Amino acid sequence: MPRQNLHDLLAFIAVARERSFTRAAAQLGVSQSALSHTISGLEGRLGLRLLTRTTRSVAPTEAGERLLRTVGPRFVEIDADLAALGELREKPAGTIRITAGEHAAGAILWPALAKLLPDYPDIKVEITVDYALTDIVAERYDAGVRLGEQVAKDMIAVRIGPDMRMAVVGSPAYFASRPPPLTPQELTAHNCINIRLPTYGGLYAWEFEQAGRELKVRADGQLVFNNMALRLNAALAGAGLAYLPEDEVRPHLADGRLVRVLDDWCPPFPGYHLYYPSRRQHTPAFALLVEALRYRAVRHG
């Protein structure tokens, strides 16, 4: 492939990903006019229009999307390989990008990073809190965090946390005027604090299981949030029942600020896993982070 094509492909990938000539030009360190000329030249040689341009937006055409899907990941792999070679030195270095949910970021990632990073000042970590099941290859993340049951089969998965349980909780003030639910079906008579997740296309259905019987309840209520802290605060304030990770509510159960119900309907399930592509060459810094996060069960006896 001529060197000019490689240069022009890099320019196209930048514009297609940023959806903006302005941002792509700043990223590449060239003028917008030069970048536009480069893209036009690539389109001319291919005989295909790769980008649809309007006064307000830039978007890949069908041919552009296909080129981005096929060529983009290869340049990402090349960048990672070069970074790995450049970091063969005494101390690991580089930037690691991870996407994770709010609970995993706070309960698993941050405690590990707080211990690791002071000893490795050349390692930088960027964590994006996102409830969607992000395509980490397309979005150029080094890794993602999901519950074990959600990890795609073509990814390497490393367990980074223990089994988890969910808990349905409400404040004593809330239960002062309402009887506690004895079965998940009785939640329909309660004011439930919901969460909206992009992955599920709407409100998340609360999941229960007892003696092999699984139930999903679409609870109703006055409040819907897209993060955990607000749901917890609303439950503490007596605004309704919340469905939250057990470790997040344990201190409030201990001091009596929350009351737990439906405990026997909330069995353990596989906890968080770090996942990443099996084909990508990772840096020494990434390998160090994986080992710092790897879950090692405490054995007794």
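First, a word on what this report is: a plain description of the structure on this page. (Residues numbered from 1 in each chain as written. Predicted model: local features only at pLDDT ≥ 70, side-chain atom pairs only at ≥ 80, totals over all residues. Heavy atoms only, no water.)

**Things to note about the overall build of the protein**
Applicable threshold: For the purposes of this entry, the term helix denotes a DSSP run of H or I that reaches at least four residues, the term strand denotes a run of E that reaches at least two, and both are numbered from the N terminus. Radius of gyration means the value over C-alpha atoms here, while the globule rule gives 2.2 Å times the residue count to the 0.38 power. Only protein chains enter the accessibility calculation, which uses a 1.4 Å probe. A residue is then buried if its area is under 20% of the maximum for its type, exposed if over 50%, and partly exposed in between. Any two residues having at least one pair of non-hydrogen atoms within 4.5 Å are treated as being in contact. Note on areas: these come from Shrake-Rupley sampling with a 1.4 Å probe, and a residue is covered only by the protein chains present in the view. Positive charge is attributed to Lys and Arg, negative charge to Asp and Glu, and no charge count is given to His or to the chain ends. Here the site of a charge means NZ on Lys, CZ on Arg, CG on Asp, or CD on Glu.
Along its length, the protein carries nine helices and 15 strands. Computed over the C-alpha atoms, the radius of gyration of the protein is 24 Å, more than 25% above the 19 Å expected from 2.2 N^0.38 for a compact globule of 301 residues. Per-residue burial for the protein yields a buried fraction of 42% across its 301 residues. Of the contacts formed within the protein by residues at least 6 apart in sequence, a portion of 73% connects residues at least 24 apart. Surface summary for the protein: the accessible area is close to 16,700 Å², and the carbon and sulfur share equals 53%. Averaging the coordinates of the 35 positive side-chain charges in the protein and doing the same for the 33 negative ones gives two points 4 Å apart.

**Details of the sheet that holds strand β6 (residues 155-159)**
Adjacent strands of a sheet form backbone hydrogen bonds with each other and so pair up, either parallel or antiparallel. The test is simple: Strand pairing is defined by DSSP finding a minimum of two bridges between the two strands. With axes taken as lines fitted to C-alpha atoms, and helix axes fitted only over the stretch in contact, angles between N-to-C directions fall between 0 and 180 degrees.
In spatial order, the strands read β4-β3-β5-β15-β6; together these five strands make up an open sheet with mixed pairing. Either end of the sheet is taken by a strand with one partner, and the two such strands are β4 (123-129) and β6. Between one strand axis and the next, the sheet turns through 30 degrees on average, direction left out of account. Where β6 lies against strand β15 (residues 272-277), five bridges are found, and the strand directions are antiparallel. Each residue of the ladder has a partner; that of Arg 159, found in β15, is His 273. Set on the sheet, helix α5 (residues 102-116) makes contact with β3 (94-100), β4, β5 (143-147) and β15; between it and β4 the angle comes to about 165 degrees. On the sheet, helix α9 (residues 284-293) packs against β3, β4, β5, β6 and β15 and is oriented at approximately 160 degrees with respect to β15.

**Focus: the pairing of β15**
With six of six residues buried, β15 lies mostly within the body of the structure. Bridge count for β5 against β15 is four bridges, and the pairing is antiparallel. Across the sheet, the residue bridging to Arg 146 is His 273, located in β15.

**Section: the packing of aromatic side chains**
Operational definition: Only Phe, Tyr and Trp rings take part, Trp by its six-membered ring, and two of them pair if their centres are within 6.5 Å. Stacked means planes under 30 degrees apart, edge-to-face means over 60, and tilted covers everything else.
Evaluated as defined, the whole model comprises five aromatic pairs. Relative to Phe 286, the ring of Tyr 276 has its centre 5.1 Å away and its plane inclined at 85 degrees; by these criteria the two rings are edge-to-face. Placement of the pair is Tyr 276 in strand β15 and Phe 286 in helix α9, with a sequence separation of ten residues. According to the relative accessible area criterion, Tyr 276 is buried, its value standing at 11%.

**Some thoughts on the pattern of salt bridges**
Note the threshold: In what follows, salt bridge is the name for a side-chain nitrogen of Lys or Arg lying within 4 Å of a carboxyl oxygen of Asp or Glu.
This structure, assessed with the given rule, holds 13 salt bridges. Linking Glu 246 and Arg 260 is a salt bridge whose minimum nitrogen-to-oxygen distance equals 2.8 Å. Here Arg 260 lies in strand β14 (residues 259-261) and Glu 246 lies in helix α8 (residues 246-254), a separation of 14 residues in the sequence. What makes Glu 246 buried here is its relative accessible area of 16%. Taken together, the shared-partner salt bridges connect Arg 165, Glu 246, Arg 250, Arg 260 and Asp 263 into one network.

**Some words on the nonpolar core**
The cut-off we apply is this: Side-chain atoms within 4.5 Å link the members of a nonpolar core, which is a set of buried Ala, Val, Leu, Ile, Met, Phe, Trp, Tyr and Cys residues.
Val 145, Val 168, Leu 187, Trp 206, Phe 208 and Leu 274 are the most contacted members of the largest nonpolar core, which has 45 residues in total. The dominant element in this core, judged by the number of residues it contributes, is α5, at six residues. Phe 208 has contacts with Val 168, Pro 184, Leu 187, Arg 213, Glu 214, Leu 215, Val 217, Tyr 243, Leu 262, Trp 265 and Cys 266, leaving out every residue within four places of it along the chain. One finds Leu 9, Ala 14, Val 15 and Leu 50 within the second-largest nonpolar core, a separate group that totals 20 residues.

**Focus: unusual backbone geometry**
Its identity as a non-glycine residue notwithstanding, Ala 211 has a phi of 55 degrees, on the positive side. Note that Ala 211 resides in the loop between β10 (206-210) and β11 (213-217). If you check the backbone angles, Leu 262 has positive phi at about 60 degrees while not being a glycine. With respect to the element layout, Leu 262 can be found in the loop between β14 and β15. The class for Leu 262 is buried, based on a relative accessible area of 5%.

**Notes on the packing of α5 against α9**
This is how the line gets drawn: It is the rotation of the near helix from the far one that decides the hand of a crossing: anticlockwise by less than a right angle makes it left-handed, clockwise makes it right-handed. Only Asp, Glu, Lys and Arg are considered charged, only Ala, Val, Leu, Ile, Met, Phe, Trp, Tyr, Cys and Pro nonpolar, and every remaining residue, Gly among them, polar.
Look at α5 against α9: their axes get within 10 Å of each other, and the N-to-C directions meet at 115 degrees. Both α5 and α9 take part in a crossing whose hand is right-handed. Contacts from Ile 108, Leu 109, Ala 112, Leu 113 and Leu 116 of α5 reach α9 at Leu 288, Leu 289, Ala 292 and Leu 293. Class assignment of the residues belonging to the contact of α5 with α9 gives a composition of nine nonpolar, no polar and no charged.

**Quick word on helix α2 (residues 21-28)**
Put simply, the rule reads: The arc in question is traced by the directions running from the helix axis to the C-beta atoms. Whenever a nitrogen or oxygen atom comes within 3.5 Å of another N or O atom, the pair is scored as a polar contact, on the condition that within protein one atom can donate a hydrogen and the other can accept it, and that pairs from neighbouring residues in sequence are kept only if both atoms are in side chains.
Of the residues making up α2, those classed as buried are Phe 21, Ala 24 and Ala 25. Viewed along the axis of α2, the buried residues span an arc of 100 degrees, placing them on a single side of the element. Among the residues of α2, the N-terminal cap falls to Ser 20, whose side-chain oxygen and the backbone nitrogen of Thr 22 are separated by 3.2 Å.

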